[in-house]
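Close look at the chain arrangement
One-letter residues, chain by chain:
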Amino acid sequence: MIRKRKSVRKYDMTKLDEATLNKIREKIGALVPLFPEIRYSIEMTDSTKGLFNIKAPHYLVFGSEQAEGFAENIGFIGQQLDLFFSEIGLGACWLGAAKPQGEVNSALPFVICMSFGRPAEELHRNLADFRRKPLHEMSEGQDPRLEAARLAPSGINAQNWYFIAEGGKIHCYRKKAVLGFINKMGFIDLGIAIWHIASESENFAYTKEVNAPEKKGYIYMGTVK
Ligand SMILES: Cc1cc2nc3c(=O)[nH]c(=O)nc-3n(C[C@H](O)[C@H](O)[C@H](O)COP(=O)(O)O)c2cc1C
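Residues numbered from 1 in each chain as written. Predicted model: local features only at pLDDT ≥ 70, side-chain atom pairs only at ≥ 80, totals over all residues.

What follows is about the overall build of the protein chain. The helix and strand inventory of the protein chain stands at four helices and 11 strands. Compactness check: the protein chain gives a C-alpha radius of gyration of 17 Å against a globular reference of 17 Å for 225 residues, within 12% of the reference. Its C-alpha atoms put the protein chain at 50 × 40 × 35 Å along the principal axes. Put simply, of all contacts in the protein chain between residues at least 6 apart along the chain, 74% involve residues at least 24 apart. (Helix = DSSP H or I, 4+ residues; strand = E, 2+ residues; numbered from the N terminus. Rg over C-alpha atoms; globule rule 2.2 N^0.38 Å. Contact = placed C-beta atoms within 7 Å.)

Next up, the structure:
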């Protein structure tokens, strides 16, 4: 799915049946967090608001306690759902521009939304149709998992991440940002790319190292082992 998925922005507006929604609820209950100690919430809703918003029959609303690492954690968790939707024949799109409308039960602060539903456009694409920077502009060193990170989606396709592979490890960085809005997205984007790396790892672990290499213009975030 990493090599086929794409953001879907046009939907068939008919609601999904209860059996499909239950399958999604089941998946939501089986997600793997990056930081298990951070409390988060995922709710389904029919409407969201916001300029440049996408019209879809369903949305997920992600909330989280604002602990260090919460945005990477939401990116990591949400990307499991993005790939799951693609796998079961549904379209999805991360929505940094949308906000929940009306009743949301979660007491946790809102982080981001994701639209989903039956696609009214192509659901999958060929590898050649991904618009991404080449690997050498976003990484150093050799690791077969870097390609999965390269193909990850990011807000406005910014791809503001950097990876240094050495000795079976991948050190992860995000670009220094000036704007707060872009900043939160940058953390979510990195979490998404880390899920892509994790899904191609045999034994995944993510920790902060004291002696990780520095990269000019970027901030070190953590290391995949
Ligand atoms: C954190 C995040 C926020 C996003 N917000 C929006 C959005 O508000 N509106 C939109 O149309 N697409 C949004 N996207 C989708 C990106 O534009 C898209 O992932 C990127 O252009 C790469 O294209 P692809 O997903 O088809 O590979 C967002 C993606 C991410 C990861």
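Right, let's get into the pairing of strand β8 (residues 161-166). As defined by bridge partners, strand β7 (residues 139-140) adjoins β8 across two bridges and the pair is classed as parallel. Along β8, the bridge assignment pairs Glu140 with Ile164. Where β8 folds back onto strand β9 (residues 169-175) in an antiparallel hairpin, the turn is made up of two residues, including Gly167, whose phi is positive at roughly 55°. (Pairing = 2+ DSSP bridges.)

To continue, consider the domain arrangement of the protein chain. Under the domain assignment, the protein chain is made up of domain 1 (18-117) and domain 2 (132-224). Placing a centre on the C-alpha atoms of domain 1 and another on those of domain 2 gives a separation of 22 Å. Contact with domain 1, which involves 12 residues of that partner, is made by 13 residues of domain 2. If one sorts the elements of the side of domain 1 that touches domain 2 by residue count, helix α2 (residues 70-87) sits on top with eight residues. Class assignment for the residues of the side of domain 1 that touches domain 2 results in six nonpolar, five polar and one charged. (Domains from an automatic or database assignment. Nonpolar A, V, L, I, M, F, W, Y, C, P; charged D, E, K, R; others polar.)

Not every one of the 18 residues close to the ligand is listed here, only the nearest: Ser7, Gly96, Ala97, Pro153 and Asn157. Listed by contribution, the elements that provide at least two residues to the shell around the ligand are β4 (91-95) and α4 (180-198). For the shell around the ligand, the element with the highest residue contribution is α4, accounting for four residues. A breakdown of the residues in the shell around the ligand according to their chemical character gives 10 nonpolar, five polar and three charged. Structurally, the shell around the ligand is a two-domain feature, drawing no fewer than three residues from each of domain 1 (18-117) and domain 2 (132-224). (Near = placed C-beta within 6 Å.)

A few words on the pairing of strand β6 (residues 110-117). Within β6, seven of the eight residues are buried, leaving the element largely enclosed by the surrounding structure. Here strand β3 (residues 58-64) runs beside β6; their pairing, made up of six bridges, is antiparallel. Directly across from Tyr59, in β6, lies its bridge partner Ser115. Direction of pairing for β4 relative to β6: antiparallel, over a ladder of five bridges. (Buried ≥ 20, exposed ≤ 12 C-beta atoms within 10 Å, placed from the backbone.)

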